[in-house]
Amino acid sequence: PTGGGGGGGGAITVTTSSAPGGGVGGSSNEHVNAVEHSFGRPMVLQRLGQFIMDIKRNLAKKDGGWTGSALLPLILLAEKSGGESFLVVGISPLQSAAASGGVAITEEQHRRLLPLTNFRQFFKQAAKEIHASYRSNSFDTNVIEIDKNDVQDFLGTLDFLLKQATRSSSTA
C-alpha cells in the first residue's frame with residue numbers, strides 16, 4: 001500500500017469543505033477558503049507530507065511507525081479551489097531521510113526505494129494509462145494536478161505502478 005503500513009490503499013486525502021458551517025471547525029467561509037487556497041499550493045502540501053513522513057519514520061513499528069518493508073512513499077491529495085481538480089504530491093522516504101536525519105535508511109531499503117524518488121514518471125504513466133486530464137506545470141517532479149473525474153482511477157493505477165516498481169527493485 002502506498003503511504004506505508006495499513007490495509008488497502010494507504011493514500012491520505014486532504015480536503016476541506018466550502019459549504020456554510022463546514023470545513024475547518026465550522027468557521028466562516030473566508031477562513032475555509034483560505035484553508036482551501038493553502039492546501040492547493042504544492043509547497044504547503046509537500047511540507048505537510050514531509051511532516052507526516054518524518055513523524056511516521058521516527059516512530060517505533062509497534063507505535064504505528066513506518067519502518068522496514070512498511071517504509072514506502074506517501075501520496076497526498078488536496079482538492080483545488082473550484083473543485084474541478086486535485087493536487088497530487090508524492091513524498092519519498094529517501095528524500096525525507098536526507099532532509100531530516102532521524103532514523104537511518106538501510107542499504108537494502110535505499111536500493112528498494114531509489115526508483116520511487118522521481119514521481120513524475122509514475123504520475124505521467126498512471127495518467128496516460130487511464131487517459132486522464134492532467135497538468136504538470138510545477139518545477140517539482142513530485143507534483144501533478146489531476147481532473148476530479150479521473151482522480152480515483154488515477155490513484156488506483158498509481159498504487160499499482162508503485163507496488164510493481166517496489167517489487168521489481170527488491171528482486172533485482
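Remember, it's a predicted structure, so these values are computed and weren't measured experimentally.

> I'm lost on the pattern of salt bridges in this one. Help?
Pairing between side chains becomes possible if they bear opposite charge and their charged atoms approach one another. Considering all chains together, one arrives at five salt bridges under this definition. A salt bridge links Asp-63 to Lys-62; the shortest N-O distance between them is 3.8 Å. By sharing partners, the salt bridges in this structure join Lys-80, Arg-135 and Glu-145 into a single network.

> Explain the confidence of the model for the chain here, please?
Caution applies to low-pLDDT regions: their predicted coordinates should not be interpreted in detail. Here the chain averages 73 in pLDDT, and 65% of its residues register 70 or above. Least confident of the elements in the chain is strand 1 (residues 12–14), whose mean pLDDT is 43; most confident is strand 5 (residues 143–147), at 93. In this model residues 1–29 is a low-confidence stretch, pLDDT under 50, and it forms 64 contacts with partners more than four residues away in sequence or in other chains.

> Could you clarify how one ought to interpret the nonpolar core in this entry?
General note: in soluble globular proteins, nonpolar side chains tend to be found buried as a group. Judged by nonpolar contacts, the single largest core of 34 residues is most densely connected at Ile-75, Val-88, Phe-154 and Leu-158. Elements with a minimum of two residues in this core: helix 2 (42–58), strand 2 (74–79), strand 3 (85–91), helix 5 (119–129), strand 5 and helix 6 (151–171). Among all residues touching Val-88, those that are not within four sequence positions of it are Ile-75, Leu-76, Leu-77, Phe-123, Asn-142, Val-143, Ile-144, Ile-146 and Phe-154.

> Whenever I open this one, the packing of aromatic side chains confuses me. Can you help?
The way to describe two aromatic rings as a pair is by their centre distance and the angle between their planes. Counted under the stated rule, the structure contains two aromatic pairs. Between Phe-123 and Phe-154 the ring centres are 6.0 Å apart and the planes differ by 50 degrees, which places this aromatic pair in the tilted class. Of this pair, Phe-123 sits in helix 5 while Phe-154 sits in helix 6, and the two are 31 residues apart along the sequence. For the pair shown, Phe-123 and Phe-154 are each scored as buried. Here a set of aromatic residues connected by ring pairs shows up, and it is made of Phe-119, Phe-123 and Phe-154.

Conventions used here
- Residues numbered from 1 in each chain as written.
- Predicted model: local features only at pLDDT ≥ 70, side-chain atom pairs only at ≥ 80, totals over all residues.
- Heavy atoms only, no water.
- Salt bridge = Lys/Arg side-chain N within 4 Å of Asp/Glu carboxyl O.
- pLDDT = per-residue confidence, 0-100.
- Helix = DSSP H or I, 4+ residues; strand = E, 2+ residues; numbered from the N terminus.
- Contact = heavy atoms within 4.5 Å.
- Core = buried A, V, L, I, M, F, W, Y, C linked by side-chain atoms within 4.5 Å.
- Buried < 20%, exposed > 50% of the residue type's maximum accessible area, 1.4 Å probe, protein only.
- Phe/Tyr/Trp six-rings, centres within 6.5 Å; stacked < 30°, edge-to-face > 60°.

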